[in-house]
Amino acid sequence: MTASFVLSPGTLALPDLRRLAREPVRLALDPACRGGIEASARTVADAAAGEHPVYGVNTGFGLLAKRRIPPDKVRDLQRRLVLSHSAGTGPELPAAAVRLILALKANALARGHSGVRPVVVDALLALLNADALPVVPAKGSVGASGDLAPLAHLTGVLLGEGEAVVGGERLPAAAALERAGLAPLELEAKEGLALLNGTQVSTALGLLGLFALEDAFAAALVAGALSVDAAMGSDGPFDARIHALRGQPGQTEVAAVYRKLLAGSQIRESHRGDHGTVQDPYSLRCQPQVMGAVLDNLRFAAGVLEREANAVSDNPLVFADTGEILSGGNFHAEPVALAADLLALAISETAALAERRIALLMDANLSGLPPFLVRDGGLNSGFMIAQVTAAALASETKQMSAPASVDSLPTSANQEDHVSMATHAARRLSDMADNLAGVVAIELLAASQGIDLRAPLCSSPLLEEAKGRLRVRVARWDQDRAMAPDIAAAKALVTAGAFHDLAGGGLLPAAR
């Protein structure tokens, strides 16, 4: 059954956004906001009928802003704007992204500072509720003046142009609207510009990357703790006193997670006081320092994206209380670009650390386990090539993590002379997080195999629970078999968020 949700503009929290991306949800607009939307639309209508030039209302766009548009051409101006800006290319955005974009655009316009009529917001929500999702090419935005090309493709469907997917069937926009019980919109002054301006595509893609990172991060904490026990590592580096002296919040919290996960391990107790290894390798010992820094930056980026999801980011902005229409630059997606770059670094570092732990478990000199985690080596290759796969995924992820926000190419005849590149900064995150999920899945498999090889000793109750969830889908490795299905099964657990409860449900912003 599809859940219902009342959209009170400007109040979407991260858990709401995660739910909108991942579940069928019917959105209803809070009636209290309609008066503000109507007042904003009246202000624009008055400006369109007046003699004073107002950007995007009765003028051209970008460098053509000096061209006045006569009143009888204002509607035509908006339609032509949408059609000319539908210039995207590349693969189509996934359904989860399009659902989020529709919700975010409705959320922004409903705040009553964009000059659109309520019918425009209603039309966006009607598409979402009917599961009539516009076909939107993923490439073609530089993240200022907003996500113009992808938002134009989204908007075109409201006009009966382009294509949409309805209930899984790809249809021409006019047929999709009819299937959804909607009529094509005729846009009034500024409405096309308000729909095309804004950072909703960049923000939605950034949010999808954030949600995927949260799932993989929680699983990586569990996998890292399993690796500590499988390698007979020490829990001493997780002592609260060490982390209190540094005072970094994420590090302190992550250390507490490792202490909780490892508490009660028979394996740990079996070698307590044995100083054969004075200090564990960094990939085991420094997990709180690395993963804690990742958590701090993840939370910062999450805050930026949550604020942006509720922002009014088109241009110009309408202030109905004073009758003013002010030009600015809220469409510049630099906050999203920088947040996406931080998330890319966080994903890359998490993958790099997990891959090093996998490599450690393969090495009998470091782990004390059979080479490549399998008995009768030689006849069996065990996890040898799984580690190679993890290395390939981690390396590719590193290559994708170079900052996008430092790049800029001027557009629109140098009128738009600095842009954010936020859209592809955010778009790469889902691919990067998918790579990370693969690396973590391999570590879960390898570390669980290592724990099994320590029998009859058991790990902690929580880690045995984690291993048990994996073993429901993947048997232990006694002799060589195809590894890919095992990796896919473990990865499905990671991407489903199956380890959030073990890692601490309140640790991550959107998963609460």
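As a reminder, the structure under discussion sits directly above these lines.
Asks: What am I meant to see in the overall build of the protein here?
Replies: Tallying secondary structure elements over the protein gives 21 helices and 9 strands in all. Here the protein has a C-alpha radius of gyration of 26 Å; the compact-globule value for 512 residues is 24 Å, and the two agree. Here the C-alpha coordinates of the protein stretch approximately 85 × 50 × 40 Å along the principal axes. Sorting the 512 residues of the protein into buried and exposed places 54% on the buried side. Restricting the contact set of the protein to residue pairs at least 6 apart, pairs at least 24 apart contribute 78%. Just so you have it, the protein exposes about 20200 Å², and 55% of that area is on carbon and sulfur atoms. Charged side chains of the protein number 45 positive and 54 negative; the gap between the two group centres comes to 2 Å.

Asks: It is not clear to me how the pairing of strand β2 (residues 25-29) should be interpreted in this structure. Could you clarify?
Replies: Moving residue by residue along a regular strand, the side chains alternate between the two faces of the sheet. Burial of β2 is one-sided: the residues V25, L27 and L29 facing one way are buried, the residues R26 and A28 facing the other way are not. Once you follow strand β1 (residues 3-7) into helix α1 (residues 14-22) and on to β2, the crossover reads as right-handed.

Asks: Can you help me understand the packing of helix α9 (residues 200-230) against helix α15 (residues 334-362) in this one?
Replies: Axes are the key here: two packed helices are described by the angle between their axes and the distance separating the axes. At a minimum axis distance of 10 Å, the contact between α9 and α15 shows a crossing angle of 25°. With respect to their mutual orientation, α9 and α15 come out roughly parallel. For the pair α9 and α15, the crossing hand works out as left-handed. Within the contact between the two elements, α9 uses S202, T203, G206, L210, L213, A220, G224, S227 and A230 and α15 uses V336, L343, A346, I347, T350, R357 and L361. For the contact of α9 with α15, the residue count by class is 9 nonpolar, 6 polar and 1 charged.

Asks: Please explain helix α11 (residues 249-262) as it appears in this structure.
Replies: For an α-helix, the turn length of 3.6 residues means that residues three or four places apart are oriented alike. Taking 1.5 Å of rise per residue, 14 residues should cover 20 Å, and α11 covers 20 Å from first to last C-alpha, within 8% of that figure. Taken as a whole, α11 has its buried residues at G250, Q251, V254, A255, V257, Y258, L261 and L262. All buried residues of α11 project into a common sector of 155° when viewed along the axis, lining one side. If you follow the buried residues of α11, they end up packed against α9, α10 (240-246), α14 (287-309), α19 (461-471) and α21 (500-503). Positive phi appears at G264, one or two residues downstream of α11, with a value of about 85°.

Asks: So what exactly am I meant to see when it comes to the environment of R356 here?
Replies: If you trace the backbone, R356 turns up in helix α15. Distance from R356 to S283, taken between C-alpha atoms, is 6.2 Å for residues 73 residues apart in sequence. Among all residues touching R356, those that are not within four sequence positions of it are S283 and Q387. A distance of 2.8 Å separates polar atoms of two side chains, one belonging to R356 and the other to E355.

About the criteria used
- Residues numbered from 1 in each chain as written.
- Predicted model: local features only at pLDDT ≥ 70, side-chain atom pairs only at ≥ 80, totals over all residues.
- Heavy atoms only, no water.
- Helix = DSSP H or I, 4+ residues; strand = E, 2+ residues; numbered from the N terminus.
- Rg over C-alpha atoms; globule rule 2.2 N^0.38 Å.
- Buried < 20%, exposed > 50% of the residue type's maximum accessible area, 1.4 Å probe, protein only.
- Contact = heavy atoms within 4.5 Å.
- Areas by Shrake-Rupley, 256 points an atom, 1.4 Å probe, with all protein chains shown as cover.
- Lys, Arg positive; Asp, Glu negative; His and termini not counted.
- Charge placed at Lys NZ, Arg CZ, Asp CG, Glu CD.
- Right-handed = clockwise from strand over helix to strand, strands pointing away.
- Axes fitted to C-alpha atoms, helices over the stretch in contact; angles between N-to-C directions.
- Parallel < 35°, antiparallel > 145°, perpendicular 65-115°, else oblique.
- Left-handed = near helix turned anticlockwise from the far one by under 90°.
- Nonpolar A, V, L, I, M, F, W, Y, C, P; charged D, E, K, R; others polar.
- Expected span 1.5 Å × (residues − 1).
- Arc of directions from axis to C-beta.
- Polar contact = N/O pair within 3.5 Å; in protein donor to acceptor, adjacent residues only side chain to side chain.

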